[in-house]
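# Inside the fold
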Amino acid sequence: MITNETEVKVRYQETDQMGVVYHANYFVWFEIGRTHLIEDLGFRYADMEEEGIVSPVVDIEAKYKRPLRYGQIATVKTYIKEYDGFRVVYGYEVYTDDGTLAVTGSSSHVCVKKSNFRPISIKKHFPDWHKAYEQAVGEADGVRN
């Protein structure tokens with residue numbers, strides 16, 4: 001399975017009054033991991049955007065299991081959970097520096113024309129991305145569901 005692992009050092013400003021990472025900051029970390037995964041596959045969001053296409057989040061969720069605190073190193077593991085030619089669902093696992101699972105999550109994305117936000121087919125407009133995503137999902141079959 002193609003998985004990206006990105007380390008993030010927890011900064012003081014990412015914590016809340018309880019001294020743990022504020023819940024919304026995990027979504028930022030998800031984006032960092034997702035961007036790195038796409039780069040690992042050989043692509044860049046910037047190239048897509050130059051063609052007038054953007055990929056908004058249409059659904060996102062996180063489940064919090066253990067807190068992360070200032071100064072710790074978080075490891076964000078990102079993978080492609082589902083892909084159907086139009087919609088991509090990325091999966092995320094965030095681990096503490098001792099390897100404990102802290103957060104799981106997913107985000108769903110579609111590609112749309114920036115000018116009118118009408119959906120486009122990744123398969124048709126970005127065949128190389130399509131092929132790479134299908135391969136990544138194929139490698140994940142039976143491993144994660």
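Structural data are supplied above this passage.
Definitions and cut-offs
- Residues numbered from 1 in each chain as written.
- Predicted model: local features only at pLDDT ≥ 70, side-chain atom pairs only at ≥ 80, totals over all residues.
- Heavy atoms only, no water.
- Helix = DSSP H or I, 4+ residues; strand = E, 2+ residues; numbered from the N terminus.
- Rg over C-alpha atoms; globule rule 2.2 N^0.38 Å.
- Buried < 20%, exposed > 50% of the residue type's maximum accessible area, 1.4 Å probe, protein only.
- Contact = heavy atoms within 4.5 Å.
- Areas by Shrake-Rupley, 256 points an atom, 1.4 Å probe, with all protein chains shown as cover.
- Lys, Arg positive; Asp, Glu negative; His and termini not counted.
- Charge placed at Lys NZ, Arg CZ, Asp CG, Glu CD.
- Patch = residues over 30% accessible without salt bridge, like charges linked within 9 Å, V, L, I, M, F, W, Y side chains within 5 Å.
- Salt bridge = Lys/Arg side-chain N within 4 Å of Asp/Glu carboxyl O.
- Core = buried A, V, L, I, M, F, W, Y, C linked by side-chain atoms within 4.5 Å.
- Pairing = 2+ DSSP bridges.

### As for the overall build of the protein
- Across its full length, the protein holds four helices and seven strands.
- The secondary structure elements of the protein, listed N-terminal to C-terminal, are β-α-α-β-β-β-β-β-β-α-α.
- In summary, the protein has a C-alpha radius of gyration of 16 Å against a globular reference of 15 Å for 145 residues, a match within 12%.
- Expressed as a percentage of the 145 residues in the protein, the buried residues total 43%.
- Expressed as a percentage of contacts within the protein between residues at least 6 apart in sequence, the contacts between residues at least 24 apart total 67%.
- Of the roughly 8300 Å² that the protein leaves accessible, carbon and sulfur atoms contribute 47%.
- Where the 18 positive side-chain charges of the protein centre and where its 22 negative ones centre are 4 Å apart.

### Details of a positive patch on the surface
- A surface patch of like charges, here positive, comprises Lys63, Lys65, Arg66 and Lys81.
- By the element assignment, Arg66 lies in the loop between strand 3 (57–64) and strand 4 (73–83).
- Judged by relative accessible area, which is 49%, Arg66 ranks as partly exposed.

### Quick look at the side chain of Thr78
- Here Thr78 is to be found in strand 4.
- Judged by its relative accessible area of 0%, Thr78 falls in the buried class.
- Setting aside residues no more than four positions away along its own chain, Thr78 makes contact with Ile2, Thr3, Asn4, Gly33, Arg34, Leu37, Gly91 and Tyr92.

### Quick notes on the environment of Lys131
- When you line up the elements, Lys131 lands in helix 4 (residues 127–140).
- Looking at Lys131, the relative accessible area reads 53%, which means it is exposed.
- Considered as a pair, Lys131 and Arg44 are 87 residues apart in the sequence and their alpha carbons are 15 Å apart.

### What about the nonpolar core?
- By size, the foremost hydrophobic cluster in this structure holds 34 residues, and its most contacted members are Trp29, Leu68, Ile80, Tyr90, Val94, Trp129 and Tyr133.
- With near-sequence residues (within four places) excluded, Leu68 lies in contact with Val10, Gly19, Val20, Val21, Tyr26, Trp29, Ala74, Val94, Tyr95, Thr96 and Ala102.

### Focus: the pairing of strand 5 (residues 87–95)
- Of all nine residues in strand 5, eight are buried, a share of seventy percent or more.
- Here strand 4 pairs with strand 5 via eight bridges, running antiparallel. What sits directly across from Lys77, in strand 5, is Glu93.
- Hairpin connection between strand 4 and strand 5: a loop of three residues separates the two successive antiparallel strands, and Gly85 in this loop has a positive phi of roughly 95°.
- Sheet analysis places strand 5 next to strand 6 (residues 101–110), joined by nine bridges and oriented antiparallel. Across the sheet, residue Val88 finds its bridge partner in strand 6, namely His109.
- In this structure, the hairpin formed by strand 5 and strand 6 is closed by a connection of five residues, where Gly99 is found at a positive phi of approximately 90°.

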